[in-house]
Amino acid sequence: MIFNPTYECMERSDMEALQLFHLKETVRRAYEKVPHFKMAFDEAGVKPEDLKTLADLKNFPFARKKDLRENYPYGMLAVPMDDIVRIHASSGTTGKPTVVAYTKHDLEMWSEAMARLIAAAGGTKGDIAQISFGYGLFTGALGLHYGLEKLGAAVIPISAGNTEKQIMLMQDLWSTLLISTPSYALYMAEVMEEMGVTKDDIHLRVGLFGGEGSTDGMMAKIEEKLGILATENYGLSEIIGPGVSGNCYVKEGLHINEDLFYAEIIDPETGEVLPVGETGELVLTTLQKEGLPMIRYRTGDLTRLYDDPCPCGRKTRRMERVKGRSDDMLIIKGVNVFPSQIEEVLMGIPAIGPHYQLVLTTKNYTDQLEVQVELTDDSLLDDFQKLENLSRSVQHKLHTVLGLTCQVRLMEPKTLARTAGKAKRVVDNRVK
Ligand code: DLL
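Residues numbered from 1 in each chain as written. Predicted model: local features only at pLDDT ≥ 70, side-chain atom pairs only at ≥ 80, totals over all residues. Heavy atoms only, no water.

A. A look at the pairing of strand 17 (residues 352-363). One ladder, built from 9 bridges, connects strand 17 with strand 18 (residues 366-375); its direction is antiparallel. When the sheet's bridge partners are listed, V359 is paired in strand 18 with E370. (Pairing = 2+ DSSP bridges. Helix = DSSP H or I, 4+ residues; strand = E, 2+ residues; numbered from the N terminus.)

B. Broad picture of the side chain of T163. Mapping T163 onto the fold places it in helix 7 (residues 163-172). Overall, T163 belongs to the buried group, its relative accessible area being 10%. A polar atom in the side chain of T163 sits 2.8 Å from the side chain of Y184. In contact with T163, other than residues within four places in its own chain, are Y184, Y187, M188 and V191. (Buried < 20%, exposed > 50% of the residue type's maximum accessible area, 1.4 Å probe, protein only. Polar contact = N/O pair within 3.5 Å; in protein donor to acceptor, adjacent residues only side chain to side chain. Contact = heavy atoms within 4.5 Å.)

C. The arrangement of the domain arrangement of the protein in detail. The domains assigned to the protein are domain 1 (1-327) and domain 2 (330-428). Using C-alpha coordinates to define each centre, domain 1 is positioned 30 Å away from domain 2. Taken together, the contacts link 23 residues of domain 1 with 16 residues of domain 2. Here domain 1 and domain 2 share an interface that buries about 1,600 Å² over both sides, 58% of which is from carbon and sulfur atoms. The largest contributions to the domain 1 side of the interface with domain 2 come from E190, T215 and K221, which together make up 28% of the buried area. Run the count over domain 1 and domain 2 and you get 2 salt bridges. The partner of R418 in a salt bridge is E190, with the nearest N and O atoms 2.7 Å apart. Applying the counting rule to domain 1 against domain 2 returns 11 residue pairs in polar contact (both at pLDDT 80 or more). Those elements that place two or more of their residues in the side of domain 1 that touches domain 2 are helix 8 (182-194), helix 9 (216-226) and strand 14 (324-325). It is helix 8 that provides the largest number of residues to the side of domain 1 that touches domain 2, a total of 6 residues. (Domains from an automatic or database assignment. Buried area = accessible area lost by both parts, 1.4 Å probe. Salt bridge = Lys/Arg side-chain N within 4 Å of Asp/Glu carboxyl O.)

D. Seen up close, the site of the ligand. Close to the ligand lie 22 residues, the nearest being G211, N233, S237, D301 and K422. For the ligand, a nitrogen atom lies 3.2 Å from a polar atom in the side chain of E232. Here an oxygen atom of the ligand and a side-chain polar atom of R325 are 3.3 Å apart. Surface burial for the ligand is 91%, taken as the share of its 600 Å² of free accessible area covered by protein chains. Put simply, the parts of the chain that give the shell around the ligand at least two residues each are helix 6 (139-151), strand 7 (229-236) and strand 8 (241-247). If you tally residues by element for the shell around the ligand, the top one is strand 7, at 5 residues. (Near = heavy atom within 4 Å. Areas by Shrake-Rupley, 256 points an atom, 1.4 Å probe, with all protein chains shown as cover.)

This is the structure in structure tokens:
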């Protein structure tokens, strides 16, 4: 079902005209209401009137996470505090969180954005949705929650954690949609196995996963273990939360809510805008947000945009699954490595995974990468030769893809830490 065909099936020329209309308004409001944007535009020598076409946006300065930090907590708001009805925050690895705020209109728009993506993935009014994202300052749970209610689905706001209870209620309450991070979905599948619950004992149809990266291999594992269609959706707090883009049931890329968010791809080194089709860093501009308008926000996420027609009938531009963040690219012995490349290799080897961790250290002034991955079957531990052969084969496959020799540590099943939220895959203990 296409939730809002007017916007999701709009012809490109009409969409661009609509985007330009909203963009002009957003740029003008940001300049007039947010001191940071006024200062940044003045410094770059641009005025809102200079934006005459969508392409003119390239002359406007980027916004970054540090701008929100420097204006903590409410300095970037474009409305009086009186008009704010919700506040969220995303926790950074260091310092204060990034605070974001929404007006009533923003919350309605957010629900609309989410309802479209949920419907695109195959969610319907008749579904019972188990939200296993942590409720709280994280935008994931409430973002999906309101979108599901707008669609008319029944919501179980169970939150993350207490996994055995999740499985029990999943069966008893007849959950048909599962909402979580991909890594938590895998963990739930593992606990299900321990409890002797099979995919035939549950009623899940579709998973809507997001909040962290994944790979085809990881999604295929989730589909197999839970017996569902595993879809992915993408977003970030600074722009809205979840709701920027998501898979339709065809699962070839993520449809962008283009009337709400304007996407550009830039070369992360030079900042230059790249043509549609090329891979680079995603830069997003909000088109209809009141509380916290954002102009050219550098997401750090690497992807590609494309316009090919989708069999689902939507005409919106799509983005490829995020292949990594420009800041999570590891440079190991001079070789550029994305954790997602390693994940893709590991997921293709049946005897191991899907839980893994990448540990970086320094030895003799040189970077060392140890790939720790669990065996699926612990009986292998008793056969040294088999273990050794498997380890060599994993090492060889990684070398073929990465061009890098790494250590492989095969671990007993269930030894690596599990998380109910976003997984931490990289432990970087290198001497700086
Ligand atoms: O993670 C919003 C969200 C929640 C999206 C739930 C989808 C589902 P933040 O906590 O601000 O917001 O983190 C945003 O997470 O810049 C990406 O690096 C990463 N991310 C989110 N979704 C995906 C995804 C939410 N589907 C940051 N694939 C983003 C890859 C993702 N990375």
